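Commentary on secondary and tertiary structure
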Amino acid sequence: MSDYIDYLQTFGPSLIRNGYDIYPCKRANKGIFESGWQDNPLSMEQLLERVNSGEGDSGISILTKNTPAVDIDVYDQVICARMVNWLICNIVLKQNKKNELIRVGQQPKALMLFKADIPFKKMKSTRFIDNFGKCHALEILGEGQQFVAFNLHQVTKKDYEWVTHCSPDNTHINDLPTLTYQDAQAIICEFERLAIEAGWEPDDGSNATSYESQDDECFRQADFIHVNQQLNTDDKSEYQRIEKSVTGAIDYLIDDKKVFDDRELWIKLTHALATAKGTQFEELFEHQFRKITTDLDKDGHRWESCSPNNTTWAVILSIAKQKGWSLEHKPQQKLDEHFFRSVGNLIVTSNDWLIRSFVEKDAFTLVFGPSGSKKSFCVIDWALCIATGVDWNGYQVKQGPVFYISGEGSRGFAKRTTAWSMVKGVDINNAPLYLSQHAVTLMDEKNANAVLEKIEEVLNSSATIPQMIVIDTLHNCYAGNENDASDMGDFLRCLNVLKIKYQCSIVIVHHTGKVSNGEARGSSSLKAAVDAEYLIESSDDNVFLTNTKMKDAEIQPTHYFEAEEVLLANSYGESLIDDFGKPFTSLVLKQVRSEQIKRLPTGKNQKAIYKQLKEIKSNSFDFIDTDYLKQACCLDKKLMTKKAFDSSLESMIANHYIKQSELGELSI
């Protein structure tokens, strides 16, 4: 730029054309010449009159009634940059705007310009002092204020600079991102959070976060009784940060006993906690409220009557910080009175088995295997045995309710339980086995409590409690990276809420990876956390259940099963058929000895014959004519020659892969 600029003449006309309210200010100064400027911005005619009369030796201020500005009065380059980045990410980009108007006078301090559909008054943060004694604050300029847009800075004596490609000179007001009263609150909240994280101390001479009085209409339009925008975050890490910091701050104040002795402090905290109403944090913040409120009737306050009252949730952190708390503060764990006990007083007890030797109560059990390995068939077998009190393959069970959380719908479940009932000869109409109608994401305590509420609704205050809760599958109830130990920890902590409530068995059904090496998919922290683990594999109709971990008991030998197909029927013995007349079928796992495991053919032609025989049998043919099978293999599908068919079939019969009746009919 040249050494001298007539700011009013150079920039004034374009600013007015772009919709900005402007007024002259003193050169190299923030002050304005006349009073009454707040409601009397220059018109184009007044501007030209001033320029033509030689009154152009001035800077230009923009009035902030319709164009609020976030003034980051911060000398710390990192914090200032983080605030600018937060504004761009959380306001500008979310509105799909590409215009960030950022003005710099004395670096690193910055100002960012917005527009307001509903004007609001000035807002300012708490003032903080850093370790070097410098003061930092953030102010949002609103109705009745102005900022210098073009002028010489009174300290640096250099031009104010718009550091991006955009400035009010080339950007219409309608192209600016919109700033709401709610946004402004969130900005103040974010700055105060960053200041506290940086270890800055609130200035004792500074009032807490200030919001100038708004008229009633603005309150209604801006919906002031709401939470700061941060509390509506979709970011998991942001949610966890707020949860950790607020809980930590409140716990510190409770341990220090200050919150119970200072009525004014208690009121400030309740108002700050109430900012979470109507958000995902409401339950958490209400819990904190109850922790600091020892006697609801005596205090005369209930959560339902609390209101935000012109504050933000960050005030909680600020108060705790002033009392000596920091984000790194770790509360002292409260230990039992008799924390250590002599080993001579310990008593040997037996395992509390739900299924003897296999599934323990008050424990995690993992059942995993490749897709299609019949994992769910095994776990449904367990669930039905426990719900009905029927021994599982000779192993005693403890009868009780079972809750099955599945993401695969009830149609397949109904087939499997019906087949089990038919084979076992056990009526399940009144069995306390309950299937969820859809999956639920189990990654936080809130959802775990929601599941507990539904369980209580089913039990209807009866004396019984769940013996087992099944999660089928982990993937259906998970919302994170299975390989991330932190995400897996969230999942297991959530399930632990269910386990602790009822001291029941939690059974998790999971998959192996693409390359199955006998390990469950995902983080190894899952294997470390469970008490027992079972790998299920299958080969055609053969199913193998292998115990790969048993924390407090002996590893059980591998159990072998045969998947037996069952034609489903109703209670009158009538076959159940679909809309096309095809019978409904399902499978039931039938335990067999290892030597009884069905051997399968290995040759190419033998495998083709065996597969074709199974396909024909699935159409309800128990016995298949040899010539019919030959035609299917040799003529219809041209899988092999007739000579090859005869040779392979003879070998399969001789090796007992298939059976042949006296009439020459074949079966598996």
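Residues numbered from 1 in each chain as written. Predicted model: local features only at pLDDT ≥ 70, side-chain atom pairs only at ≥ 80, totals over all residues. Heavy atoms only, no water.

Overview of the nonpolar core
Formed by 64 residues in total, the largest nonpolar core has its most connected members in Val 70, Ile 72, Leu 87, Leu 138, Ile 140, Ile 187 and Phe 285. When residues in this core are grouped by element, the largest group, 10 residues, is from helix α4 (residues 181-197). Beyond its immediate stretch of four places on either side in the chain, Leu 87 contacts Val 70, Ile 72, Val 92, Met 112, Phe 114 and Ile 187. (Core = buried A, V, L, I, M, F, W, Y, C linked by side-chain atoms within 4.5 Å. Buried < 20%, exposed > 50% of the residue type's maximum accessible area, 1.4 Å probe, protein only. Helix = DSSP H or I, 4+ residues; strand = E, 2+ residues; numbered from the N terminus. Contact = heavy atoms within 4.5 Å.)

Quick notes on the sheet that holds strand β19 (residues 505-511)
A sheet is described by the order of its strands in space; here nine strands give the open sequence β17-β16-β18-β19-β15-β20-β21-β22-β23, paired in mixed fashion. Of all strands in the sheet, those bounded by a partner on one side alone are β17 (433-435) and β23 (585-592). The sheet shows a mean angle of 20 degrees between the axes of neighbouring strands, direction not considered. In terms of strand pairing, strand β15 (residues 363-369) meets β19 through seven bridges, oriented parallel. From the neighbouring strand, Thr 365 faces β19, where its bridge partner is Val 507. Contacting β16 (402-406), β17, β22 (559-567) and β23, helix α13 (residues 411-424) crosses the sheet at an angle of about 50 degrees to β23. (Pairing = 2+ DSSP bridges. Axes fitted to C-alpha atoms, helices over the stretch in contact; angles between N-to-C directions.)

Regarding the sheet that holds strand β2 (residues 59-63)
Strand pairing in a sheet is mediated by backbone hydrogen bonds. Such pairs are either parallel or antiparallel. What the three strands build is an open sheet, ordered β1-β2-β9; its pairing is antiparallel. Across the chains shown, the open sheet's two edge strands, defined by having one partner strand only, are β1 (22-25) and β9 (146-150). The mean inter-strand angle of the sheet, taken between neighbouring strand axes irrespective of direction, is 40 degrees. Where β1 meets β2, four bridges bridge the pair, whose relative direction is antiparallel. By the bridge assignment, Pro 24 is partnered in β2 with Ile 60.

Focus on the packing of aromatic side chains
Applying the stated criterion across every chain yields a total of 18 aromatic pairs. When the centroid spacing of 6.4 Å and the interplanar angle of 50 degrees are considered together, the rings of Phe 150 and Trp 162 count as tilted. Of this pair, Phe 150 sits in strand β9 while Trp 162 sits in strand β10 (residues 161-162); the two residues are 12 residues apart in sequence, bridging distant segments of the chain. What makes Trp 162 buried here is its relative accessible area of 9%. In textbook terms, an aromatic cluster arises when at least three aromatic residues are bridged by ring pairs, as seen for Phe 358, Trp 382, Trp 392, Tyr 395, Tyr 534 and Phe 561. A cation sits over an aromatic face here: Arg 50 above Tyr 23, 5.6 Å from the ring centre. (Phe/Tyr/Trp six-rings, centres within 6.5 Å; stacked < 30°, edge-to-face > 60°. Lys NZ or Arg CZ within 6 Å of the ring centre and 35° of its normal.)

A few points about the side chain of Glu 482
Relative to the helices and strands, Glu 482 is located in the loop between β18 (468-472) and α15 (485-502). Here Arg 521 takes part through its side chain, which lies 2.8 Å from a polar atom of the side chain of Glu 482. Those residues in contact with Glu 482 that lie beyond four places of it in its chain are Leu 474, His 475, Met 488, His 510, Arg 521, Gly 522 and Ser 523. (Polar contact = N/O pair within 3.5 Å; in protein donor to acceptor, adjacent residues only side chain to side chain.)

So, the pattern of salt bridges
Scanning all chains against the criterion turns up 14 salt bridges. Of the charged contacts, one joins Glu 482 and Arg 521 as a salt bridge, the two residues approaching to 2.8 Å between their closest N and O atoms. Taken as a pair, Glu 482 in the loop between β18 and α15 and Arg 521 in the loop between β19 and α16 (524-529) lie far apart in primary sequence, 39 residues in all. One salt bridge in this structure joins Glu 533 and Lys 527, with 2.5 Å as the shortest N-O distance. Taking relative accessible area as the criterion, Glu 533 reaches 1% and is therefore assigned buried. Here the salt bridges share partners, and the residues they tie into one network are Glu 190, Arg 193 and Glu 197. (Salt bridge = Lys/Arg side-chain N within 4 Å of Asp/Glu carboxyl O.)

A word on the packing of α4 against helix α11 (residues 314-322)
The geometry of α4 relative to α11 is characterised by a closest axis approach of 9 Å and an angle of 25 degrees between their N-to-C directions. Here α4 lies roughly parallel to α11, going by the angle between them. You can see that α4 and α11 cross each other, and the crossing is left-handed. Side by side, α4 and α11 meet where Cys 189, Glu 192 and Ile 196 of the first sit next to Ala 314, Leu 317, Ser 318 and Lys 321 of the second. Classifying every residue of the contact of α4 with α11 gives four nonpolar, one polar and two charged. (Parallel < 35°, antiparallel > 145°, perpendicular 65-115°, else oblique. Left-handed = near helix turned anticlockwise from the far one by under 90°. Nonpolar A, V, L, I, M, F, W, Y, C, P; charged D, E, K, R; others polar.)

Describing unusual backbone geometry
A cis geometry characterises the amide bond from Gln 107 onward to Pro 108, with omega recorded as 5 degrees. One can find Pro 108 in the loop between β4 (101-104) and β5 (110-113). Omega for the peptide link from Asp 472 to Thr 473 comes to 0 degrees, which places this bond in the cis form. Positionally, Thr 473 belongs in the loop between β18 and α15. Even without a glycine there, the phi angle at Lys 157 is positive, about 60 degrees. One can find Lys 157 in the loop between β9 and β10. Overall, the relative accessible area of 52% leaves Lys 157 in the exposed class. Non-glycine residue Ser 357 carries a positive phi angle of around 75 degrees.

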